[in-house]
Amino acid sequence: SQQGEEDPQALSIQEGENATMNCSYKTSINNLQWYRQNSGRGLVHLILIRSNEREKHSGRLRVTLDTSKKSSSLLITASRAADTASYFCATVRGTGGFKTIFGAGTRLFVKA
Amino acid sequence: DAGVTQSPTHLIKTRGQQVTLRCSPKSGHDTVSWYQQALGQGPQFIFQYYEEEERQRGNFPDRFSGHQFPNYSSELNVNALLLGDSALYLCASSTPLGTGTYGYTFGSGTRLTVV
């Protein structure tokens, strides 16, 4: 079973618009990570937020974490056609990083 | 600095056969995790290897087994292949504490098709 569940399952926007994806999870976590996957290739790590953090930024990416609601959001600002990909949240429990669990992903399509 | 290398990139096998997939972790990484990703789904955790031992395992049958070598490279073996084993198999490497800081580095995967 998957720990994280992304919402929406698919998102289509125009270039220049912002894209927001949400992730909900069920149990306590050590940290939460977001990954991008292009066309069935390997996943690329985007950003990590620890359970004691509430917000983190990296370039055009902004991630928030609400541990009381067991949810996180990924905001991509000023989207580009190259941002078209699937985005996955992954929750990590305990230390050492074992058993990182991925959600089903949000498929983002950015129209030029 | 080479990233994670997986081989082969594509593979076609017949039901009942056995398959071995290989992974070389990123330089400096000593922990290898394997994931199965069915079409349109998220990666499912199979198991993780550290210091040549299986440290954690997901909900996969014993047909799925693995090995880690002293140079940290790893193999995933699947016996008695079923049609449902058709998927993209992803290898991810990290350091034991690195996953909590830098996340995984993934390979490009092996696409396994069982016919």
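Throughout what follows, the structure given in this document is the object of discussion.

**Concerning the overall build of chain A**
Within chain A one finds zero helices and 11 strands. The N-to-C order of helical and strand elements in chain A reads β-β-β-β-β-β-β-β-β-β-β. In terms of C-alpha radius of gyration, chain A reaches 13 Å, essentially the compact-globule figure of 13 Å for 112 residues. Along the first, second and third principal axes, the C-alpha atoms of chain A reach 40 × 25 × 20 Å. In chain A, which comprises 112 residues, the proportion classed as buried is 46%. For chain A, the computed accessible surface area is about 5,200 Å², with 46% contributed by carbon and sulfur atoms.

**Points about the interface of chain B and chain A**
When the parts come together, some accessible area is lost, and that loss is often what is quoted as the size of the interface. Listed per partner, the contact involves 25 residues of chain B and 24 residues of chain A. At the boundary of chain B and chain A, one finds zero salt bridges. Taken together, the links from chain B to chain A amount to five residue pairs in polar contact (both at pLDDT 80 or more). Of all the secondary-structure elements, those providing two or more residues to the side of chain B that touches chain A are strand E4 (31–37), strand E5 (44–50), strand E6 (53–57) and strand E9 (87–94) of chain B. Classifying every residue of the side of chain B that touches chain A by side-chain character gives nine nonpolar, 13 polar and three charged.

**Focus: the state of the cysteines**
Enumeration over the complete set of coordinates arrives at two disulfides over all chains. The partner cysteine of Cys 23 of chain A in its disulfide is Cys 89 of chain A, sulfur to sulfur 2.0 Å. Linking Cys 23 of chain A and Cys 89 of chain A, the disulfide has an S-S dihedral of approximately 65 degrees and is accordingly described as right-handed. Of the two residues, Cys 23 of chain A sits in strand E3 (residues 19–24) while Cys 89 of chain A sits in strand E9 (residues 85–92), which places them 66 residues apart along the sequence. Its relative accessible area of 0% is what places Cys 89 of chain A among the buried residues. With its sulfur 1.8 Å from that of its partner, Cys 23 of chain B forms a disulfide with Cys 91 of chain B. Linking Cys 23 of chain B and Cys 91 of chain B, the disulfide has an S-S dihedral of approximately -60 degrees and is accordingly described as left-handed. Within this pair, whereas Cys 23 of chain B is found in strand E3 (residues 19–24), its partner Cys 91 of chain B is found in strand E9, the two being separated by 68 residues in sequence. A relative accessible area of 0% places Cys 91 of chain B in the buried class.

**Some remarks on the sheet that holds E3 of chain A**
Two pairing modes exist for strands in a sheet, parallel and antiparallel, and in both the strands are linked by backbone hydrogen bonds. All names here are of chain A. The strand order across the open sheet built from five strands is E1-E3-E8-E7-E6, with neighbouring strands paired in antiparallel fashion. Only two strands of the sheet have a single partner each, and these edge strands are strand E1 (5–7) and strand E6 (55–58). Strand-to-strand twist in this sheet, taken as the mean axis angle between neighbours without regard to direction, amounts to 20 degrees. Pairing geometry for E6 and strand E7 (residues 61–66), over four bridges, is antiparallel. The residue of E7 that forms the bridge with His 57 is Arg 62.

**Points about the sheet that holds E3 of chain B**
Residue and element names in this part refer to chain B. One open sheet accounts for four strands, arranged E1-E3-E8-E7; its pairing is antiparallel. Pairing within the sheet leaves two strands with one partner each, and these edge strands are strand E1 (5–7) and strand E7 (64–68). Averaged over all pairs of adjacent strands, the angle between strand axes in this sheet comes to 15 degrees, irrespective of strand direction. Pairing between E3 and strand E8 (residues 74–78): five bridges, direction antiparallel. Directly across from Arg 22, in E8, lies its bridge partner Glu 75.

About the thresholds
- Counting from 1, residues in each chain are numbered in the order their sequence is written.
- Note on labels: chains are lettered from A, ligands numbered from 1, in written order.
- The model is predicted, so local features are restricted to residues of pLDDT at least 70 and side-chain atom pairs to those at 80 or more, both for listing and for counting; the totals for chains, interfaces and linings are taken over all residues.
- Side-chain metrics in this entry use all non-hydrogen atoms of the structure; hydrogen atoms and water are not considered.
- Secondary structure elements follow DSSP: runs of H or I no shorter than four residues count as helices, runs of E no shorter than two count as strands, and numbering proceeds from the N terminus.
- The quantity called the radius of gyration is restricted to C-alpha atoms. Its globule counterpart is 2.2 Å times the number of residues to the power 0.38.
- Categorising residues by exposure relies on relative accessible area from a 1.4 Å probe, with only protein chains included: less than 20% of the type maximum marks a residue as buried, more than 50% marks it as exposed, and the intermediate range marks it as partly exposed.
- Method for areas: the Shrake-Rupley scheme with a 1.4 Å probe, in which residue coverage is limited to the protein chains shown.
- By definition, residues are in contact when any of their heavy atoms lie within 4.5 Å.
- When a carboxyl oxygen of Asp or Glu is within 4 Å of a side-chain nitrogen of Lys or Arg, the pair counts as a salt bridge.
- Side-chain atoms alone can form a polar contact between residues adjacent in sequence; in general such a contact is a pair of N or O atoms within 3.5 Å, and within protein one must be able to donate a hydrogen while the other accepts it.
- Throughout, the ten residues Ala, Val, Leu, Ile, Met, Phe, Trp, Tyr, Cys and Pro are labelled nonpolar, Asp, Glu, Lys and Arg are labelled charged, and all others, Gly among them, are labelled polar.
- Two cysteine sulfur atoms form a disulfide, by the criterion used here, when they sit within 2.5 Å.
- Strands pair, by our definition, only if DSSP identifies at least two bridges between them.
- All axes here are fitted lines through C-alpha atoms, helices being fitted over the stretch that makes contact, and every angle between N-to-C directions spans 0 to 180 degrees.

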